[in-house]
Amino acid sequence: MRRLTDGGRYQLYHHLHITMSKICRVDAFHVAFFQDGNVVAFPYNFDDNGYRDPNFHIYGENDMCAWMIEQQRPYTFSLDQGALVRRGSSLPEARLKSKDAVVVPLIAEVDGVQRVAGQAAIQSYQASSYDGATVSAFWRLAQTMMNVITHQRAGNRLHSGRRPGTPRPSADEMSLPELVEEISGKFRLLRHSIDHARHMAAGAGHDIRRAVQDVSDICDVMQTETFELLVQPAEKSSSLLSRLTPREREVAALIAQGRNNKEIARVLYITELTAKTHVSRILRKFGVNQRAEIATLLRSLSDLYEARNAM
């Protein structure tokens, strides 16, 4: 895997996926990275039906992500008969069908301190697919991948320090979740066209079928790498917070912590219906449809806490 150091992230994720598929049964696979505000980003998702769109997810205190951050060790299906897998998978179908799973932490060293930066998971729809040797191999390979990513990030920081950075787009322009969805929609259309071309080329020669498959592979690579670029740390979210009332800022901060409406109501001493109304207004003001998008827009926890302390 180390020879992939100069390649893109997709190649790293895909290499880990394919390598594990040669070692054991893998019906579903994902790589995820933890963001601010209890948001986890999934740049690489795969199940038995193929490559899936990258996505975001808000995790709560009882979710797989929270367990991984606290425990900093591999999770196996036998620990709780898959209860955490069913709560924490980014793939609904895989969550329901999974009969065995291994999830390993991705450890990164930041300023001399090791922390859990994300997780990688393999799932099987057949019981007892993984043993201790599988867990050890997956954790070792996943950590090798993470070491390569850490090396890439260090190289990028050195490179960016030699010349001025490019200004980010204004926060008043398209939001990050909107941009991700816009681009993902275009990739979905592209993959639909590729699938149609593959069907039309079924009876054609090997070279034509190979060319269609190459285009499909390029599509997958481009979507993952585009997603990676978009989820880099965003600018201060003060302009977003300025659209909210003081109470809505409190609600937004709690959403970013992964709280549901009932929990928000309890913390703020309001009714659950009032909490739901505040959430609806925040969604409308930000022009988004999901709670996870609110947390993604408000990526900096320090901004959220500053906003609450300023009230």
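Criteria and thresholds
- Residues numbered from 1 in each chain as written.
- Predicted model: local features only at pLDDT ≥ 70, side-chain atom pairs only at ≥ 80, totals over all residues.
- Heavy atoms only, no water.
- Helix = DSSP H or I, 4+ residues; strand = E, 2+ residues; numbered from the N terminus.
- Buried < 20%, exposed > 50% of the residue type's maximum accessible area, 1.4 Å probe, protein only.
- Axes fitted to C-alpha atoms, helices over the stretch in contact; angles between N-to-C directions.
- Parallel < 35°, antiparallel > 145°, perpendicular 65-115°, else oblique.
- Left-handed = near helix turned anticlockwise from the far one by under 90°.
- Contact = heavy atoms within 4.5 Å.
- pLDDT = per-residue confidence, 0-100.
- Phe/Tyr/Trp six-rings, centres within 6.5 Å; stacked < 30°, edge-to-face > 60°.

Enquirer: What am I meant to see in the environment of A127 here?
Expert: Here A127 lies in the loop between strand 7 (113-124) and helix 5 (132-160). Classification of A127 by relative accessible area gives partly exposed; the value is 47%. With 50 residues separating them along the chain, A127 and F77 place their C-alpha atoms 9.4 Å apart.

Enquirer: Looking at this structure, I do not really get the packing of helix 9 (residues 246-256) against helix 10 (residues 261-268). What am I missing?
Expert: Two packed helices can be described by the angle between their axes and the distance between those axes. Relative orientation of the contacting elements helix 9 and helix 10 amounts to 130 degrees, with a least axis distance of 10 Å. Judged on the interaxial angle alone, helix 10 and helix 9 are oblique. By crossing handedness, the relation of helix 9 to helix 10 is classed as right-handed. Along the contact surface, helix 9 presents R247, E250, V251, L254 and I255, while helix 10 presents I264, V267 and L268.

Enquirer: Whenever I open this one, the confidence of the model for the protein confuses me. Can you help?
Expert: Interpretation of this model should avoid reading the predicted coordinates in detail wherever pLDDT is low. Of all residues in the protein, 80% attain a pLDDT of 70 or more, and the chain-wide mean is 80. Here helix 13 (residues 301-309) stands out as the element of the protein with the lowest mean pLDDT, 44, in contrast to strand 5 (residues 75-76), whose mean of 96 is the highest. Contacts for the low-pLDDT stretch residues 156-173, under 50 throughout, to residues beyond four places or in other chains number 7 contacts.

Enquirer: Help me out: how do you make sense of the environment of D48 in this one?
Expert: Turning to its location among the elements, D48 is positioned in the loop between strand 2 (39-47) and strand 3 (50-52). Since its relative accessible area comes to 40%, D48 is described here as partly exposed. Put simply, D48 and F29 are 19 residues apart on the chain and 9.2 Å apart in space, counted from C-alpha to C-alpha.

Enquirer: Explanation requested: the packing of aromatic side chains in the structure shown.
Expert: The geometry of an aromatic ring pair comes down to the distance between the two centres and the angle between the two planes. Tallied over the full model, the rule gives 9 aromatic pairs. Judged by centre distance (6.3 Å) and plane angle (45 degrees), the rings of Y13 and F33 are tilted. Of the two residues, Y13 sits in helix 1 (residues 9-23) while F33 sits in strand 1 (residues 28-34), which places them 20 residues apart along the sequence. Overall, Y13 belongs to the buried group, its relative accessible area being 0%. On the basis of an interplanar angle of 55 degrees and a centroid distance of 5.9 Å, the ring pair of F34 and Y59 is categorised as tilted. Linking F34 in strand 1 with Y59 in the loop between strand 4 (55-58) and helix 2 (64-71), this pair joins segments that are 25 residues apart in sequence. Looking at F34, the relative accessible area reads 12%, which means it is buried.

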